[in-house]
Amino acid sequence: MNRTDRQFALVEELRAAAPEPRAARWLADRLNVSVRTIERDLAALQESGLPVYGDRGRRGGYVLDKDRALPMLTMTTEEAMAVSVALRELRGEPFEAAARSALAKLTAMMPEQDLERADKLVDRVRPVNAPPGPRSAVPRPIQRALETGRVLKIRYHDRNDTTTDRTVEPMGLLHGPRGWYLLAWCRLRDAPRGFLLDRVHNAEVGEESVVDRSVDLNPPGAVDAPGLRVAG
């Protein structure tokens, strides 16, 4: 059994046993390898971000937190390469940090020859219909507010050089000629607005949940559409 298959089997064994621990010796006997090999594999999985925890107590062993980890997927070589190439194209996109983490986990499982093929493909694959404009990163608080459905408190500097403190209800992210915009319900204006991220400062996630509002995330002309105004 190669390293990739063994680590896959390790995760599945821990997932089946959770929330009960599995001792390193039990896992070693199960996979017909040494305890040292099991501990080395588990350390690599932990470094990749997998929520595996060790307990050296009387009933010690390793436990996988199933609530924080999706089941491992069985991919073909072509599927793994396609996902690898796509993740590398997310530089400057929302959730870039999560994409980097996912890419690191995927590449750790890929054979060396497939990694070399993926590296070559990255240089040859370019989206031809990508929207123009800068690809600045989306701040983590804004991503977090979208993930959790919470309001966002921001300080916004508009095109008229006016600075206002606002509470907004994030609904989505749009990319326009000047970069990323946060589409949100602005409580100050009591209407949907597009906030240019380069003008958003001091963003903080609030405790209050957003209201479920029906707003078209793809109006003709995106953020320049008559029905969706840039914040001012």
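Up top you'll find the structure we're talking about.
Residues numbered from 1 in each chain as written. Predicted model: local features only at pLDDT ≥ 70, side-chain atom pairs only at ≥ 80, totals over all residues. Heavy atoms only, no water.

1. Some remarks on the pairing of strand 3 (residues 150-157)
Applied cut-off: Two strands form a pair only when DSSP identifies at least two bridges running between them. What counts as a helix is a DSSP run of H or I of at least four residues, what counts as a strand is a run of E of at least two, and both are numbered from the N terminus.
Pairing between strand 3 and strand 7 (residues 200-209): five bridges, direction antiparallel. Along strand 7, the bridge assignment pairs R155 with H201. Counting the residues that bridge the hairpin from strand 3 to strand 4 (residues 163-176) gives five residues, and of these D161 lies at a positive phi of roughly 65 degrees.

2. Some thoughts on the nonpolar core
Note the threshold: Take the buried Ala, Val, Leu, Ile, Met, Phe, Trp, Tyr and Cys residues and link them wherever side-chain atoms come within 4.5 Å; each set so joined is a nonpolar core. Exposure is judged per residue with a 1.4 Å probe applied to protein chains only, and the accessible area is read against the type maximum: over 50% gives exposed, under 20% gives buried, and values in between give partly exposed. Should any heavy atoms of two residues lie within 4.5 Å, those residues are counted as being in contact.
Formed by 18 residues in total, the largest nonpolar core has its most connected members in I142, L182 and F195. Considering every element that reaches this core, the biggest residue donor is strand 5 (residues 179-186), with five residues. Leave out the neighbours within four places in its chain, and I142 touches L152, L173, L182, L197, V200 and A203. Formed by 15 residues, the second largest nonpolar core is a distinct cluster that contains A9, L10, A28 and L31.

3. A closer look at the packing of aromatic side chains
We apply this condition: Aromatic pairs are defined between Phe, Tyr and Trp rings, using the six-membered ring for Trp, whenever the two ring centres lie within 6.5 Å; interplanar angles under 30 degrees are classed as stacked, those over 60 as edge-to-face, and all others as tilted. For a ring to carry a charge above it, either NZ of a lysine or CZ of an arginine must fall within 6 Å of the ring centroid while also lying within 35 degrees of the normal to the ring plane.
Under the counting rule described, the total for this entry stands at one aromatic pair. Above the plane of the ring of W26 lies R22, whose end atom (NZ or CZ) is 4.0 Å from the centre.

4. Details of helix 7 (residues 140-148)
For clarity, the threshold we go by: This arc corresponds to the set of directions leading from the helix axis out to the C-beta atoms.
Those residues of helix 7 that fall on the buried side of the exposure criterion are I142, Q143 and A145. All buried residues of helix 7 lie within an arc of 160 degrees about the axis, which places them on one face of the element. Where the residues of helix 7 are buried, they touch strand 3, strand 4, strand 5 and strand 7.

5. Topic: the pattern of salt bridges
Selection criterion: Salt bridge, as applied in this entry: a Lys or Arg side-chain nitrogen positioned within 4 Å of an Asp or Glu carboxyl oxygen.
This model, assessed by the stated rule, comprises 10 salt bridges. Between E13 and R30 there is a salt bridge whose closest N-O contact spans 2.8 Å. Taken together, the positions of E13 in helix 1 (residues 3-17) and R30 in helix 2 (residues 24-31) put the pair 17 residues apart, joining distant regions of the chain. For R144, the salt bridge goes to E147, with nearest N and O atoms at 3.4 Å. Linking R144 with E147, this pair stays in helix 7, spanning three residues, or about one helical turn. Overall, the relative accessible area of 41% leaves R144 in the partly exposed class. By relative accessible area, E147 is classed as partly exposed at 41%.

As far as function goes, none of this settles anything; it's purely spatial.
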